[in-house]
Amino acid sequence: MAGSQRYFRYILFAVLALVVIFFISASSGVGPGQGYTQKASDLLKGQGSLYQGSGSNSVPAGGAPDAGQDSKVGSGSGSNGDANPTLDSDVKSAAAPQHTDPSSLPPSTNPHDTTSPNPNAPSLHAGQTPPLGQKAPGPRMNATFVTLARNSDVWEISRSIRQVEDRFNHAYNYDWVFLNDADFDDTFIKVTTALTSGKTRYGKIASEHWGFPSFIDQEKARKVREDMHERKIIYGDSVSYRHMCRYESGFFFRHPIMLEYEWYWRVEPSIELFCDVSYDPFKFMADNKKKYSFVLSLYEYVETIPTLWDSVKGFMKAHPEHIVADNSLAFLSDDGGESYNHCHFWSNFEVGNLDWLRSKAYVDYFDHLDRDGGFFYERWGDAPVHSIAAGLMLKKEEIHFFNDIAYYHVPFTHCPTGEQVRLDNKCHCNPKNNFDWNGYSCTKRFFEVNKLPLPEGYEKEQ
Ligand SMILES: Nc1nc2c(ncn2[C@@H]2O[C@H](COP(=O)(O)OP(=O)(O)O)[C@@H](O)[C@H]2O)c(=O)[nH]1
Ligand SMILES: *[C@@H]1O[C@H](CO)[C@@H](O)[C@H](O)[C@H]1NC(C)=O
Ligand SMILES: [Mg+2]
């Protein structure tokens, strides 16, 4: 009896010791220089719950999911596009599901007559999202959602689609374009078609848009990846991540399917939308002459873009005609353009104008950057590339900050500032998680550069 009790105590001690070791290693893993601490986002990941959204996939201390994903991406499909020389041939269209004709639905009751415990708020305005199953009145824009994804992303993109549909698109039924460097499989097509209320379209990326350009020195690029791997730079050793960043920087808007649209809304796997979007953001952009928009901004991890600004300066010199007078240079630089302050709009969310991206100005800009090789000799991200373009080649007032679109992509949350906005739009984000007024965000700078008054309630929510 006593023997087995002692035995039990040993086991208990062993388990406790393991737990203690686990916690020590988990917390030291995010110390500077030890883990994935290379960009502001990674620094903040280590700070645990403060910057977690409500997502079930919130990053635990140490950023383990990224590390795992990184190695998966790294060993991935970098140059497999060459296997299929047919360009974008494999464009599939799935039939749009049948929709109930709104006129066949029972007449909607006046919200003010209802005894429902959840009547529409007194501040109800005309743009309130119609109930599920009913379509928003008015015109539709020439617009689509666009998602770059792998087949393995199917369940994570499904979560994103479900939220975008529930919060907005069920009432608007915009198309959804899916792009991939490989063929989409039946599961991906079936599941995403079932979840979307608009037409879904599936495009394969041309091999010359997803691979090394001929002028890239493969050996030099390989050494860079080895070096970045040693330095534990996130995605530093990944070939496919670089192809992805280059594709999002220079090609997605030129895909044959995308040529059919004027506006896009980019959606990534595993994002969340916390509020109803009770009006059409595409129409808002068009009506207000906006070309590019964002919900989150932050400082880029310097190690991934050491010479990006040099390349940008080269472009400005070669193409002064593309630099717009009333631009947002002050958002990007603190010294009149001498150096980059690393501020960028986080491009995993974007609502933007495709014709602008297809303009000579933007394409000249992309070609110039591409020639300098930093997509492969460094690890330039599409976020700073898009942001710098918007900052220099759009007028200040053509860039829009959507305070009312509440958004999460690991590890940051944009929860709208201002209680009334959150109540009106039925938001379920915790305002404490809002990143906008955090020191690592560049959003306050955006307001300053544009001489915009800070949103109401800002002081209380810092
Ligand atoms: N088809 C394809 N899509 C990719 C690949 N790598 C990343 N993506 C997509 O590109 C976007 C950005 O990738 P993600 O892993 O979310 O990068 P992060 O947000 O920077 O951590 C997502 O929409 C991914 O689904 C790839 O190798 N092939
Ligand atoms: C939508 O926009 C594209 C790109 O600007 C254009 O080619 C196309 O004709 C437009 N379609 C409609 C229906 O207006
Ligand atoms: Mg992502």
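Residues numbered from 1 in each chain as written. Chains lettered and ligands numbered in written order. Predicted model: local features only at pLDDT ≥ 70, side-chain atom pairs only at ≥ 80, totals over all residues.

### Describing the overall build of the protein chain
Here is the rule we go by: Segments assigned H or I by DSSP are reported as helices when at least four residues long, segments assigned E as strands when at least two residues long, and all are numbered from the N terminus. Exposure is read from a count of other C-beta atoms within 10 Å of each residue's own; the residue is exposed at 12 or fewer, buried at 20 or more and partly exposed in between. C-beta atoms are placed from the backbone. What counts as a contact here is a pair of residues whose C-beta atoms, placed from the backbone, lie within 7 Å.
A tally of helices and strands in the protein chain yields 16 helices and 13 strands. The buried share of the protein chain, reckoned over its 462 residues, is 43%. Across the protein chain, contacts joining residues at least 24 apart in sequence account for 83% of those joining residues at least 6 apart.

### Here's the deal with the site of ligand 1
We apply this condition: Working rule for contacts: place C-beta from the backbone, and if it is within 6 Å of a molecule or strand, that residue counts as near it. For this classification, the nonpolar set comprises Ala, Val, Leu, Ile, Met, Phe, Trp, Tyr, Cys and Pro, the charged set comprises Asp, Glu, Lys and Arg, and every other residue, Gly included, is treated as polar.
Ala-149, Asn-180, Ser-240, Met-244 and Glu-268 are the nearest of the 16 residues found near ligand 1. Ranked by the residues each element gives to the shell around ligand 1, the list is headed by helix H7 (residues 239-250), at three residues. A per-class count over the shell around ligand 1 returns six nonpolar, six polar and four charged.

### Details of the site of ligand 2
Around ligand 2 lies a shell formed by Asn-142, Glu-260, Tyr-261, Glu-262 and Asp-355. When grouped by side-chain class, the residues that make up the shell around ligand 2 number one nonpolar, one polar and three charged.

### Points about helix H4 (residues 154-167)
Short version of the rule: To estimate how far a helix should reach, multiply one less than its number of residues by 1.5 Å.
Between its terminal C-alpha atoms H4 stretches 20 Å, which fits the 20 Å expected from 14 residues at 1.5 Å a residue. Residues Ile-157, Ser-160, Ile-161, Val-164, Glu-165 and Arg-167 constitute the buried set of H4. For H4, the secondary structure elements touched by its buried residues are strand S2 (143-148), helix H5 (186-195) and strand S6 (272-273).

### Quick look at the environment of Pro-416
Note that Pro-416 resides in the loop between strand S13 (412-414) and helix H15 (419-424). Separated by 12 residues in sequence, Pro-416 and Asp-404 have C-alpha atoms that sit 5.4 Å apart. With sequence-adjacent residues up to four places away left out, Pro-416 is seen in contact with Cys-275, Asn-403, Asp-404, Ala-406, Val-421, Arg-422 and Cys-427.

### Some remarks on unusual backbone geometry
Cis geometry marks the peptide bond from Val-410 to Pro-411; its omega dihedral reads 0 degrees. Tracing the backbone shows Pro-411 in the loop between strand S12 (407-409) and S13. The phi dihedral of Asn-173 is positive, around 55 degrees, even though this residue is not glycine. Relative to the assigned elements, Asn-173 resides in the loop between H4 and strand S3 (175-180). At Lys-289, a residue that is not glycine, the phi angle is positive and equals roughly 55 degrees. Relative to the elements of secondary structure, Lys-289 occurs in the loop between helix H8 (281-287) and strand S7 (292-294).

### Considering the nonpolar core
For the record, the criterion: Linking buried Ala, Val, Leu, Ile, Met, Phe, Trp, Tyr and Cys residues through C-beta atoms within 7 Å yields a set, and such a set is a nonpolar core.
Judged by nonpolar contacts, the single largest core of 94 residues is most densely connected at Leu-296, Ala-406 and Tyr-407. Sorting elements by how many residues they give to this core places helix H14 (residues 382-393) first, with seven residues. In contact with Ala-406, not counting residues within four places along its chain, are Leu-273, Phe-274, Cys-275, His-414, Cys-415, Pro-416, Cys-427 and Cys-429.

### Re the pairing of strand S10 (residues 350-353)
Working note: regular strand, side chains alternate between the two faces of the sheet. Our working definition: Criterion used throughout: strands pair if DSSP finds at least two bridges between them.
Residue alternation in S10 divides its side chains into two sets, Glu-350 and Gly-352 and Val-351 and Asn-353, and both sets are buried. Across four bridges, strand S5 (residues 263-266) lies against S10 in antiparallel orientation. Within S10, the residue paired with Trp-263 across the bridge is Asn-353.

### Points about the sheet that holds S13
Within a sheet, each strand pairs with its neighbour through backbone hydrogen bonds, oriented either parallel or antiparallel. Pairing in this open sheet of three strands is antiparallel, and the strands run S6-S12-S13 from one edge to the other. Edge positions in the sheet fall to S6 and S13, since each has one partner strand and no second. Where S12 lies against S13, three bridges are found, and the strand directions are antiparallel. Across the sheet, His-409 pairs through a bridge with Phe-412, a residue of S13.

### With respect to the pairing of S3
Burial of S3 is extensive: six of the six residues sit out of reach of the surface. Where burial is concerned, the two faces of S3 agree: the one with Asp-175, Val-177 and Leu-179 and the one with Trp-176, Phe-178 and Asn-180 are both buried. One ladder, built from five bridges, connects S3 with strand S4 (residues 200-204); its direction is parallel. Among the inter-strand pairings, Phe-178 is bridged to a residue of S4, identified as Tyr-202.

### Observations regarding the packing of helix H12 (residues 360-372) against H14
The following threshold applies: Only the stretch in contact is used when fitting a helix axis, every axis being a line fitted to C-alpha atoms; angles between N-to-C directions are given from 0 to 180 degrees. Our angle categories are set so that under 35 degrees counts as roughly parallel, over 145 as roughly antiparallel, 65 to 115 as roughly perpendicular, and the remainder as oblique. Crossing handedness follows the turn of the near helix against the far one: under a right angle anticlockwise gives a left-handed crossing, and clockwise gives a right-handed one.
It is at 11 Å that the axes of H12 and H14 come closest, and there the two elements cross at 135 degrees. The angle between H12 and H14 falls in the class oblique. Note on packing geometry: the crossing formed by H12 with H14 is right-handed. For the pair H12 and H14, contact is made by Ala-361, Tyr-362, Tyr-365 and Leu-369 and by Val-385, Ala-389 and Met-393, respectively. Of the residues that constitute the contact of H12 with H14, the class distribution is seven nonpolar, no polar and no charged.

### Side note on the packing of helix H9 (residues 308-318) against H12
Packing of H9 against H12 brings their axes to within 9 Å, and their N-to-C directions diverge by 135 degrees. For the element pair H9 / H12, the angle class is oblique. The two elements H9 and H12 cross, and the hand of that crossing is right-handed. Only Tyr-365, His-368, Leu-369 and Asp-372 of H12 make contact with H9, whose side of the interface consists of Ser-311, Gly-314, Phe-315 and Ala-318. In terms of residue class, the contact of H9 with H12 is made up of four nonpolar, three polar and one charged.

### What about the environment of Cys-275?
Its place among the elements puts Cys-275 in the loop between S6 and H8. Cys-275 gets classed as buried once you count the C-beta atoms within 10 Å, which come to 23. Sequence spacing of Cys-275 and Asp-424 is 149 residues, and the spatial spacing of their C-alpha atoms is 8.9 Å. Discounting chain neighbours no more than four positions away, the residues touching Cys-275 are Arg-167, Asp-404, Ala-406, Pro-416, Arg-422, Asn-425, Lys-426 and Cys-427.

### Some thoughts on H7
One full turn of an α-helix is made of 3.6 residues, so residues set three or four places apart face in the same direction. Helix length check: H7 (12 residues) gives 17 Å between terminal C-alpha atoms against 16 Å at 1.5 Å per residue, within 8%. Every buried residue of H7 is listed here: Val-239, Ser-240, Tyr-241, Arg-242, His-243, Met-244, Cys-245, Arg-246, Tyr-247, Glu-248, Ser-249 and Gly-250.

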